[in-house]
Amino acid sequence: MRKFVFIPFACALLLFFATLACAQQVDVAVGAGILLSTKNTNASEAFLPPPEKGGLYPSFSFDRIFKNHYGYSAELATSYKQQSYNSFQEYRPIFYDVNAVFAPHLRNRMDADFMAGVGGERVLFYSPSGSCNFSVGCTTHLDANHLLFDVGADVRYRVWKHFFVRPEAHLYHIVNNAEFHSDNVLRVGGSIGYTFGLK
């Protein structure tokens, strides 16, 4: 039954993007990347916050570019599997952001995107035993939420008709990222996607 629910939802989503694309360009992409961050070299022996790096981060992004080459985008990226926090506890970071975008045309079949914006990071810390409270019930994770600022760039290359590949890089400045060594995290990766409204 769930398969049949998915089909009308996918058709409605496709129709939505097709109507958005009448006067502009809309890109939808899925991808993956990795996190890079500096390693702690000067913390005390009592507590060494780990670097926030490694792992595979699948992502989903959407952007809308108007004819003047300006637009906006939104993106979500999360760790494919739980990471180990100092070999003590499992965690999973989730990054989300919205950006203003400038998308100049570079050459035939190739465009760039330069973006800057704001978003958030949510880090889920999983407890192996869970915790129960009479008023709220049982939970198996705690979370930390942080504001982040994002700058990024990518190059979109149309490989066939409306399909494109896109190498990309995003630098996140995470405000008060006390759980990890650095407030600055670089995510690099690539995406494949489809462009609606391309002339």
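The rules behind the values
Residues numbered from 1 in each chain as written. Predicted model: local features only at pLDDT ≥ 70, side-chain atom pairs only at ≥ 80, totals over all residues. Heavy atoms only, no water. pLDDT = per-residue confidence, 0-100. Contact = heavy atoms within 4.5 Å. Phe/Tyr/Trp six-rings, centres within 6.5 Å; stacked < 30°, edge-to-face > 60°. Buried < 20%, exposed > 50% of the residue type's maximum accessible area, 1.4 Å probe, protein only. Helix = DSSP H or I, 4+ residues; strand = E, 2+ residues; numbered from the N terminus. Polar contact = N/O pair within 3.5 Å; in protein donor to acceptor, adjacent residues only side chain to side chain. Patch = residues over 30% accessible without salt bridge, like charges linked within 9 Å, V, L, I, M, F, W, Y side chains within 5 Å. Areas by Shrake-Rupley, 256 points an atom, 1.4 Å probe, with all protein chains shown as cover. Salt bridge = Lys/Arg side-chain N within 4 Å of Asp/Glu carboxyl O. Pairing = 2+ DSSP bridges.

**A few points about the confidence of the model for the chain**
Averaged over every residue, the pLDDT of the chain is 81; residues scoring 70 or more account for 72%. Below pLDDT 50 for its whole length, residues 1-5 participates in zero contacts with residues either more than four positions away or in separate chains.

**A closer look at the packing of aromatic side chains**
Taken as a whole and judged by the stated rule, the model has nine aromatic pairs. When the centroid spacing of 6.5 Å and the interplanar angle of 50 degrees are considered together, the rings of Phe66 and Tyr72 count as tilted. Its relative accessible area of 36% is what places Tyr72 among the partly exposed residues. Ring geometry for Tyr91 versus Phe180: centroids 5.2 Å apart, planes at 55 degrees, classification tilted. Here the residue Tyr91 occupies a position in strand β5 (residues 89-102), and Phe180 occupies one in the loop between β9 (163-174) and β10 (184-196), the gap between them amounting to 89 residues. Across the pair, exposure class does not vary: Tyr91 and Phe180 are buried alike. Every member of this aromatic cluster is reached through a ring pair, and the members are Trp160, Phe163, Tyr194 and Phe196.

**Overview of the environment of Asp27**
By secondary structure assignment, the location of Asp27 is in strand β1 (residues 25-36). Taking the relative accessible area as the measure of exposure, Asp27 reaches 1% and is therefore buried. Note: C-alpha distance between Asp27 and Arg64 (37 residues apart in sequence) is 6.5 Å. When neighbours within four sequence positions are excluded, Asp27 is seen to be in contact with Ser61, Phe62, Asp63, Arg156, Phe164, Tyr194 and Thr195. Engagement of the side chain of Asp27 in a polar contact is seen with the side chain of Thr195, the distance being 2.6 Å.

**Points about unusual backbone geometry**
In this structure, Arg109 takes a positive phi of about 65 degrees despite not being glycine. Among the secondary structure elements, Arg109 is positioned in the loop between β6 (105-107) and β7 (110-133). Residues other than glycine seldom take positive phi values, yet Asn176 does so here, at roughly 55 degrees. Relative to the elements of secondary structure, Asn176 occurs in the loop between β9 and β10. The exposed category is assigned to Asn176, whose relative accessible area is 55%.

**A look at a nonpolar patch on the surface**
Together, Val30, Phe60, Tyr157, Val159, Trp160, Phe163, Val165 and Ile192 line one region of the surface with nonpolar side chains, adding up to about 730 Å² of accessible area. Looking at the nonpolar patch, the elements with two or more residues in it are β8 (137-160) and β9. Ranked by residues supplied to the nonpolar patch, first place goes to β8 with three residues. Mapped onto the fold, Phe60 is located in strand β2 (residues 57-65). Assessed through its relative accessible area of 40%, Phe60 is described here as partly exposed.

**With respect to the pairing of β2**
Most of β2 is tucked away: seven of the nine residues are buried. Here β1 pairs with β2 via nine bridges, running antiparallel. Bridging across to β2, Gln25 finds its partner in Ile65. Taken together, the seven bridges between β2 and strand β3 (residues 70-78) define a ladder with antiparallel strand orientation. Bridge pairing in β3 places Ile65 opposite Gly71. Here β2 folds back onto β3, and the loop between the two strands holds four residues, one of which, His69, carries a positive phi near 75 degrees.

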